[in-house]
Amino acid sequence: ITVALEFTFNLTISREQELAGQSLRVIQVVAPDGLKMAVRRPRDVTHLAPSSSLGITVWNWTGTMPRGLWFGLDEKRNVTGKFHYAFPVLLPGEGEMPYNNLWSVKLCADSPFCKTELLEVPLPGFFFGEEPDYDLSQEAFDALMGNHGPHCAQPLALCWFWLPWLLLAAAAAWPS
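Residue positions are given per chain, counting from 1 as you read along its sequence in written order. Reporting of local features is limited, given that this is a predicted model, to residues whose pLDDT is at least 70; pairs of side-chain atoms are given and counted only at 80 or more, and all residues count toward the totals for whole chains, interfaces and linings. The side-chain quantities take in all heavy atoms of the structure and omit both hydrogens and water.

Asker: Go over unusual backbone geometry, please, and point to the residues and values.
Answerer: Although it is not a glycine, Cys 114 sits at a positive phi angle of roughly 55°. Of note, Cys 114 is situated in the loop between β8 (102-108) and β9 (117-124). Burial classification: accessible surface area is computed with a 1.4 Å probe over protein chains only, and a residue below 20% of its type maximum counts as buried, one above 50% as exposed, and the rest as partly exposed. Here Cys 114 falls in the buried class, since its relative accessible area comes to 7%. Helix numbering and strand numbering both begin at the N terminus, where a helix is a DSSP run of H or I of at least 4 residues and a strand a DSSP run of E of at least 2.

Asker: Explain the nonpolar core residue by residue, including any values.
Answerer: Take the buried Ala, Val, Leu, Ile, Met, Phe, Trp, Tyr and Cys residues and link them wherever side-chain atoms come within 4.5 Å; each set so joined is a nonpolar core. Judged by nonpolar contacts, the single largest core of 24 residues is most densely connected at Ile 27, Val 29, Met 37, Phe 87 and Trp 103. For this core, the secondary structure elements donating two or more residues are β1 (2-13), β2 (26-30), β6 (68-73), β7 (79-90) and β8. Considering each element in turn, this core owes the most residues, five residues, to β7. Residue contacts are counted whenever heavy atoms from the two residues lie within 4.5 Å of one another. Ignoring sequence-local partners within four residues, the contact set of Val 29 consists of Leu 5, Met 37, Arg 67, Gly 68, Leu 69, Phe 71, Phe 83, Phe 87, Trp 103 and Ser 104.

Asker: Mind laying out the pattern of salt bridges, listing which residues take part and the relevant values?
Answerer: The term salt bridge refers to a pairing of a side-chain nitrogen on Lys or Arg with a carboxyl oxygen on Asp or Glu at a separation within 4 Å. Summed over all chains, the structure comprises five salt bridges. Here Arg 15 ties to Glu 18 by a salt bridge, and the two come within 3.0 Å at their closest N and O atoms. On the accessibility criterion, Arg 15 (10% relative accessible area) is buried. As a salt-bridge pair, Arg 41 and Asp 44 come within 3.7 Å of each other at their nearest N and O atoms. Given a relative accessible area of 42%, Arg 41 falls into the partly exposed group.

Asker: Break down the layout of surface pockets for me, citing the residues and quoting the values.
Answerer: In this approach a probe as big as a water molecule rolls over the atoms, and the regions it shows empty are the leftover space. Cavities and pockets were defined on a 1 Å grid built from protein atoms only: a cavity is a group of points that admits a 1.4 Å probe but offers it no way out, a pocket is an open group of points flanked by protein on both sides within 12 Å along at least five of seven lines, and a lining residue is one with an atom within 4 Å of any such point. Grid points are joined across faces, edges and corners, and a volume is the space filled by probe spheres set on the points. In this structure, the largest pocket encloses a volume near 850 Å³. If you go around the largest pocket, you meet 26 residues; those closest to its centre are Thr 2, Val 3, Ala 4, Phe 126 and Pro 132. Every element with two or more residues in the lining of the largest pocket is listed here: β1 and β9. Gly is placed with the polar residues, together with every amino acid not listed as nonpolar (Ala, Val, Leu, Ile, Met, Phe, Trp, Tyr, Cys and Pro) or charged (Asp, Glu, Lys and Arg). Residues belonging to the lining of the largest pocket are distributed by class as follows: 17 nonpolar, five polar and four charged.

Asker: Describe the state of the cysteines, and please don't skip the residues or the numbers.
Answerer: Cysteine sulfur pairs qualify as disulfides if the two atoms are within 2.5 Å. Under the definition given, this model contains one disulfide. Between the sulfur atoms of Cys 108 and its disulfide partner Cys 114 the distance amounts to 1.9 Å. On the sign convention where negative is left-handed, the bridge of Cys 108 and Cys 114, at about -95° about the S-S bond, is left-handed. Assigned by exposure class, Cys 108 and Cys 114 land together as buried.

Asker: A description of the environment of Arg 77 should follow, citing residues and the corresponding values.
Answerer: As for its placement among the helices and strands, Arg 77 is situated in the loop between β6 and β7. In this structure Arg 77 comes out as partly exposed when scored by relative accessible area, which is 39%. The spacing of Arg 77 and Ser 14 is 63 residues in sequence and 8.1 Å in space, taken between C-alpha atoms. In terms of polar contacts, Arg 77 uses its side chain to reach the backbone carbonyl oxygen of Ser 53, at 2.6 Å. Distance and chemistry together define a polar contact, namely a pair of N or O atoms within 3.5 Å, with one atom able to donate a hydrogen and the other to accept it when in protein, and with adjacent residues in sequence counting only for side-chain atoms on both sides.

Here it is as structure tokens:
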């Protein structure tokens, strides 16, 4: 399943006003027990708000900690804007879904273990068959699904130039 996570920093966090050793460096997303991130390649994590001013510079995932994703922030830019990413998650069987289906978003001053946690926000997840009560924005939909243009290869003009000659050559070589 693909999970989309969105939240907004309502106020700008000025980097000059952060306390030493408590600078927001990482946003850590932790899945509930029984769920695992299914990230295998860079394109598996999709930025759904490319117009956001939030300075995410890198994201990380490791098989040794399969429930977590880490998003690194640009430490030279003030923290402001929207965090909106989608990523694949492996679910347990329908009867094995955790009763306490709470995701965790941690704002951290270090990584990867988030020993200096600035804030932790629990987020309730969905259960099997439960639908979200809102639609993705057009920007998020386009980022996740691609644009609304043709989704097939377009023939090259050069191919149209050579096509009659190839057909003539094939007809001449065909036994009569």
